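Fold and contact review
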Amino acid sequence: MRFFRRKIAIIVVLAYAIFSLYAAYNVFFNKRVISRVHRVVKKGTVILDNGKGGEEEWNPWEEDERAQSLVQQKRRDAFRSYQDHVAKNRPKTYKVQIWGKAAIGLYLWEHILEGPLIPADKSSQWREGEIQSGKINFSFYTGPAVVQGHVSLDTDSVVLVLNGREQQKISYSIQWLQHVQGLVQARTVSRVAVVLLGNERCNNDWISPYLKRHGGFVDLLFLVYDSLWVNDKDIFQWPLGVATYRHFPVVTLSGQMVKNVRPYLCNFLGTIYKNSSRETLMGVLKNGLEKDCLMHVREKWLPQETADTSRQYQMALAQSDLTLCPVGVNTECYRIYEACAYGSVPVVEDVLTPGACAVGNRSPLRLLKDAGAPFIFLKDWRELPAILERERGMNQKEKTERRMRLLEWYSGFRQQMKDKFTEVLEEAFFKIT
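Rules behind the numbers
Per chain, residues are indexed from 1 in the order of the written sequence. Owing to the predicted nature of the model, reporting of local features is limited to residues with pLDDT of at least 70; listing and counting of side-chain atom pairs is limited to 80 or more, with chain, interface and lining totals taken over all residues. In computing side-chain values, all of the structure's heavy atoms are included and hydrogens and water are not. A helix here means a DSSP run of H or I that spans at least four residues, while a strand means a run of E at least two residues long, and both kinds are numbered starting from the N terminus. Under the scheme applied here, a residue whose accessible area is under 20% of the maximum for its type counts as buried, over 50% as exposed, and between as partly exposed, the area being computed with a 1.4 Å probe on protein chains only. Using the Shrake-Rupley algorithm and a 1.4 Å probe, accessible areas are obtained, with residue cover drawn only from the displayed protein chains. Criterion for a disulfide: a pair of cysteine sulfur atoms at a distance within 2.5 Å. Paired strands, as defined in this entry, are two strands with at least two bridges between them according to DSSP. In this analysis an axis means a line fitted to C-alpha atoms, helices contributing only their contacting stretch, and an angle means the value between N-to-C directions, from 0 to 180 degrees. Residue contacts are counted whenever heavy atoms from the two residues lie within 4.5 Å of one another. Whenever a carboxyl oxygen of Asp or Glu lies within 4 Å of a side-chain nitrogen of Lys or Arg, that contact is scored as a salt bridge.

1. Description of the overall build of the protein
Of the regular secondary structure elements, the protein holds 11 helices and 15 strands. Expressed as a percentage of the 433 residues in the protein, the buried residues total 44%. When the accessible area of the protein is evaluated, it comes to approximately 24,900 Å², of which 53% is carbon and sulfur surface.

2. Focus on the state of the cysteines
Linking two cysteines covalently through their sulfur atoms gives a disulfide. For the structure shown, the criterion picks out 2 disulfides. Each sulfur in the disulfide pair cysteine 202 and cysteine 357 lies 2.0 Å from the other. With the S-S dihedral at roughly 90°, the linkage between cysteine 202 and cysteine 357 falls on the right-handed side. On the criterion of sequence distance, the pair formed by cysteine 202 in the loop between strand 8 (191–197) and strand 9 (220–224) and cysteine 357 in the loop between strand 14 (345–349) and helix 9 (366–370) is long-range, its members being 155 residues apart. Across the disulfide, cysteine 266 is cross-linked to cysteine 293 (sulfur-sulfur distance 1.4 Å). Negative torsions about the S-S bond denote left-handed disulfides, and the value of about 70° found for cysteine 266 with cysteine 293 makes this one right-handed.

3. Overview of the sheet that holds strand 14
Reading across the sheet, the 5 strands line up as 12-11-13-14-15 and stay open at both edges, with parallel pairing between neighbours. If you trace the sheet from one side to the other, it starts and ends with strand 12 (293–298) and strand 15 (376–378), each paired once. The sheet shows a mean angle of 20° between the axes of neighbouring strands, direction not considered. Direction of pairing for strand 14 relative to strand 15: parallel, over a ladder of 3 bridges. Residue glutamate 349 lies in a different strand from strand 15, and its bridge partner there is leucine 378. Contacting strand 11 (264–271), strand 13 (320–325) and strand 14, helix 11 (residues 396–430) crosses the sheet at an angle of about 50° to strand 13.

4. Considering the pattern of salt bridges
As enumerated under the stated definition, the model contains 17 salt bridges in all. For the salt bridge of arginine 213 with aspartate 234, the shortest nitrogen-to-oxygen distance reads 3.0 Å. In this pair, arginine 213 is assigned in the loop between strand 8 and strand 9 and aspartate 234 in the loop between strand 9 and strand 10 (235–238), connecting sequence segments 21 residues apart. Looking at aspartate 234, the relative accessible area reads 18%, which means it is buried. In this structure, aspartate 370 and arginine 362 form a salt bridge, with 2.7 Å as the shortest nitrogen-oxygen distance. Under the relative-accessibility criterion, arginine 362 is labelled partly exposed at 47%.

5. Regarding the sheet that holds strand 6 (residues 136–142)
Here we have 7 strands laid out as an open sheet, ordered 5-6-4-7-8-9-10, and mixed in their pairing. For this open sheet the edge positions go to strand 5 (127–133) and strand 10, each flanked by a neighbour on one side alone. Direction aside, neighbouring strands of the sheet carry axes that sit 20° apart on average. Each of strand 4 (94–100), strand 7 (157–163) and strand 8 is contacted by helix 4 (residues 167–185), which is oriented at about 165° to strand 7, the strand it contacts most.

Given below as structure tokens:
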């Protein structure tokens, strides 16, 4: 019995020893064998035997996550495509600076482009404004303090407004052209246009060398008066406009001013030159028409107006059905545009003046005639009594309707000039068609 127990004890000890040796062998000497049974190590992930002794993760939600990722990627791609489309089709704007170094620059800016000016005080040394027209963002600078080299350039496209009526003005204009020429040579400026108040006899040869067509740098010229140079390719005719140098305002009309009965059939306030048609006009007016027409004449032209004379002139326009517009050195005069602004029909002496201006069926005033100006044209002031007789026969409704047509035409004319100015610059400067 004792022997049997000893034998069992020996067998147990031997079995334990054998198991211990086997365990030690597996830990230190045998290769690790991983069960092919999946073992979960973290949420959503299990370890797989790839059959090559390595491990890889398996995700039971992998297909859903991949599909969601693809949807998100498509959405991101679609959004980027939309952004690219918007950027591509967004209206591109171009910048042009206008340097107003002649009074007609104010007619271009305030009356044609209808741009603001800051400060509003007309006596300010520096005034500027900004406006969008078409695809161009225009900025405008004017005043005595706007001098060469002191306008900050944020574009390479410049419009220079100059006065070429007389030698002193021409000399000043040449200084500005030479300044811009230096900017072109330095490649600071690459596109240049000029708006020029030309000579009343159309003698403008001094600017010819600066035009690109003659080897210069000026791409475009907008020229006042009926010059033979106008070709509607690189030289365009431009309206004289109102006398901004005399501070003629942008007129805001009330309904009452348009519809009211005006106390005078006509008006003429101006200078009487010796041996001119104006003497003929005065002779006609003094022959029994003094009560019908408001007259105030002088023998010497004055370049500036006082506040009183300016107010008197504007009141005459506002209180007259017709404004008499005799020729001066040129048929085109400020008075024509100023009468339109107040709805007073211009009676225009339709004759050519001496000089080198264009001749033909459309001249003088071809720009206004081509635009369908609803004026009264005559060849001789002795035709005036018959015109005034017809005026007396018109009733107030007819006069009001005619006044409205004139005001609508003048508004449309300015819009037409704005569109033309913008489109010409767009095409010539930026190749926009």
